[in-house]
Amino acid sequence: MAIQQNTAIDDALIVWLAALESGFTFAPNWQSWADTEIVALDEPPLWLIHLSLANTTEEALVALWDGGSQLPSEVWQKLNLTALHLGFLYLRFKRGDFNLAILLERAGIQVDSSDFEIECEAFYFLLNELDGLGPIHASDRPLLDRVEDLFGPMIALARERWSNLSMTNV
């Protein structure tokens, strides 16, 4: 049973990292979650205690990156941080935090700085189309539908992993 708890807590670290780096969630959420996990675990990892005590996003990210540096590469490979980050960005867009242009620009920047299966140009081409430069590939489908298709798997991943944290579903 302890192995499953550690696996779940390791997975949660990566989900929190993506959610915080993307601006999807803030202090009351991570503090409440961390406090609940600390009580439930026999030996909570140090990063979890630091996360519980963090008052700013910067402090929380330091705790998470410190904990993440101890994770085996298999955990990082299983949960794609970039995919989660992009999924959370899209959910922020749907929540009304920013417009489509900002979503596409941020996604392009995120992908450009990582090794991801989707090239940054996929996002920048859609951004150019939004700016009136026309589609790179002719399509009779609305731009917003094509954007949602591009983000689809990442949205599903972010929703699934966020709901696994026993938090409010998105």
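Scroll up to find the structure this text is about.
Conventions we followed
Residues numbered from 1 in each chain as written. Predicted model: local features only at pLDDT ≥ 70, side-chain atom pairs only at ≥ 80, totals over all residues. Heavy atoms only, no water. Core = buried A, V, L, I, M, F, W, Y, C linked by side-chain atoms within 4.5 Å. Buried < 20%, exposed > 50% of the residue type's maximum accessible area, 1.4 Å probe, protein only. Helix = DSSP H or I, 4+ residues; strand = E, 2+ residues; numbered from the N terminus. Axes fitted to C-alpha atoms, helices over the stretch in contact; angles between N-to-C directions. Parallel < 35°, antiparallel > 145°, perpendicular 65-115°, else oblique. Left-handed = near helix turned anticlockwise from the far one by under 90°. Contact = heavy atoms within 4.5 Å. Nonpolar A, V, L, I, M, F, W, Y, C, P; charged D, E, K, R; others polar. Expected span 1.5 Å × (residues − 1). Salt bridge = Lys/Arg side-chain N within 4 Å of Asp/Glu carboxyl O.

**Topic: the nonpolar core**
- The biggest cluster of nonpolar side chains holds 57 residues, and the ones touching the most others in it are Trp33, Leu51, Phe88 and Phe151.
- With 10 residues, the top contributor of residues to this core is helix α1 (residues 2–21).

**Concerning the packing of helix α2 (residues 27–40) against helix α3 (residues 46–53)**
- Contact geometry for α2 and α3: axes closest at 8 Å, N-to-C directions at 140 degrees. As summarised for this structure, α2 and α3 are arranged oblique, according to the angle between their axes. Here α2 runs over α3; the crossing is left-handed. Residues Trp30, Gln31, Trp33, Ala34, Asp35, Glu37 and Ile38 of α2 form the contact with α3, whose participating residues are Trp47, Leu48, Ile49, Leu51 and Ser52.
- When its residues are assigned to classes, the contact of α2 with α3 shows eight nonpolar, two polar and two charged.

**Some remarks on α2**
- Given a rise of 1.5 Å per residue, 14 residues ought to cover 20 Å, and the 20 Å separating the end C-alpha atoms of α2 matches this to within 8%.
- Every buried residue belonging to α2 is among Ala27, Trp30, Gln31, Trp33 and Ala34, and all of these are buried.

**A look at the pattern of salt bridges**
- Inspection of the entire model under this criterion finds six salt bridges.
- Measuring nitrogen to oxygen at the nearest pair gives 2.5 Å for the salt bridge that ties Glu129 to Arg146. Note that Glu129 is positioned in helix α8 (residues 120–133) and Arg146 in helix α9 (residues 143–164), a separation of 17 residues in sequence.
- Here Glu129 falls in the buried class, since its relative accessible area comes to 16%.
- Owing to a relative accessible area of 17%, Arg146 belongs among the buried residues under this scheme.

Functional significance is not addressed by these values, which are geometric in nature.
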